[in-house]
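Analysis of the macromolecular model
Here are the chains, one letter per residue:
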Amino acid sequence: MDDAMPPSTAMLLERTRSPSYPNGERKLARDFLTQATWGLLGAAALAQLFLLVWLDVTS
């Protein structure tokens, strides 16, 4: 931790650290809801890109 950080802040950050696996991967990364959300965001980005190109070509 940073030496300039007050001890109470450092303790709070240590207590609220997100759970992770021994290899350092965060447990939330394997959560189904998180993966579904990222999947939907990726699909929406691809759909927007497709629509952008399609509308540019057709107009």
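Everything here concerns the structure above.
Below is a summary of the structure that appears in this document.

Basis of the calculations
Residues numbered from 1 in each chain as written. Predicted model: local features only at pLDDT ≥ 70, side-chain atom pairs only at ≥ 80, totals over all residues. Heavy atoms only, no water. Salt bridge = Lys/Arg side-chain N within 4 Å of Asp/Glu carboxyl O. Buried < 20%, exposed > 50% of the residue type's maximum accessible area, 1.4 Å probe, protein only. Phe/Tyr/Trp six-rings, centres within 6.5 Å; stacked < 30°, edge-to-face > 60°. Helix = DSSP H or I, 4+ residues; strand = E, 2+ residues; numbered from the N terminus. Lys NZ or Arg CZ within 6 Å of the ring centre and 35° of its normal.

Overview of the pattern of salt bridges
Applying the stated rule across the entire model yields 1 salt bridge. Across the salt bridge formed by Glu 25 and Arg 30, the nearest N and O atoms sit 3.0 Å from each other. Its relative accessible area of 27% is what places Glu 25 among the partly exposed residues. Arg 30 gets classed as partly exposed once you look at its relative accessible area, which sits at 46%.

Some thoughts on the packing of aromatic side chains
Tallying each qualifying case throughout the model produces 1 aromatic pair. Aromatic pair Phe 50 and Trp 54: ring centres 6.5 Å apart, planes at 5 degrees, arrangement stacked. Remark: Trp 54 and Phe 50 occur in helix α2 (residues 32–58); sequence separation between them is 4 residues, near one turn of the helix. Directly above the ring of Tyr 21 sits Lys 27, whose terminal nitrogen or CZ lies 5.5 Å from the centroid.

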